[in-house]
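One-letter residues, chain by chain:
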Amino acid sequence: MHQDALCQSALNMKPVLDAVVKLVNTIRSRGLNHRQFRDFLQSVQSEYSDVLYYKKVRWLSAGCVFERVWQMKDDIVSFFHEKQCSAECEMLEDTEWLSDFAFFTDLLCHMNNLNVKMQGKNQFIDDIWAHLKAFKVKLNLFTGS
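- In the nomenclature of an unreviewed UniProt entry, the chain corresponds to General transcription factor II-I repeat domain-containing protein 2B from the organism Araneus ventricosus.

**Brief notes about the nonpolar core**
Reasoning step 1: Core analysis: the largest hydrophobic core is formed by 33 residues, its most contacted members being Val20, Ile76, Leu92, Trp97 and Phe101.
Reasoning step 2: Leave out the neighbours within four places in its chain, and Leu92 touches Leu23, Lys73, Ile76, Val77, Trp97, Leu98 and Phe101.

**Points about the side chain of Asp50**
Reasoning step 1: Inspection of the secondary structure assignment puts Asp50 in the loop between helix 3 (31-43) and helix 4 (61-82).
Reasoning step 2: The exposure class assigned to Asp50 is buried, which follows from its relative accessible area of 13%.
Reasoning step 3: In terms of polar contacts, Asp50 uses its side chain to reach the side chain of Arg28, at 3.5 Å.
Reasoning step 4: Every residue in contact with Asp50, bar those within four places of it in the chain, is listed here: Arg28, His34, Phe37, Arg38, Leu41, Arg68 and Met72.

So, how was this worked out
- Residues numbered from 1 in each chain as written.
- Predicted model: local features only at pLDDT ≥ 70, side-chain atom pairs only at ≥ 80, totals over all residues.
- Heavy atoms only, no water.
- Core = buried A, V, L, I, M, F, W, Y, C linked by side-chain atoms within 4.5 Å.
- Buried < 20%, exposed > 50% of the residue type's maximum accessible area, 1.4 Å probe, protein only.
- Contact = heavy atoms within 4.5 Å.
- Helix = DSSP H or I, 4+ residues; strand = E, 2+ residues; numbered from the N terminus.
- Polar contact = N/O pair within 3.5 Å; in protein donor to acceptor, adjacent residues only side chain to side chain.

Below, the structure is given as structure tokens:
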């Protein structure tokens, strides 16, 4: 993937973000649905007890939400199939959509890591600059340049 492809791919992030937010809201915003989902996770002994909410105020929270949904995707699909609401999660069974979702999840996790590194205590400008340069190298690796 070269740099133009990475830029084009980044433009396609909004539909993926919107779909993930809609999915999380479908689970969390309806009380009964949310309780049933948590009960379902407990019954299948899932590693997680819930999905995370995305907060538009903190756009970096999207990385945490994406990562959690990615890790729980099989449980989410099973839950909606059990409720006979397969349309709610059909994108989680679409390999092309999953490929975009995986890419954005990985990218957002790298951005979150950069953010955390840059906020550390006793950071000098040369430390911050080194973190930015390292992130730029990662982006170049992603693009194949």
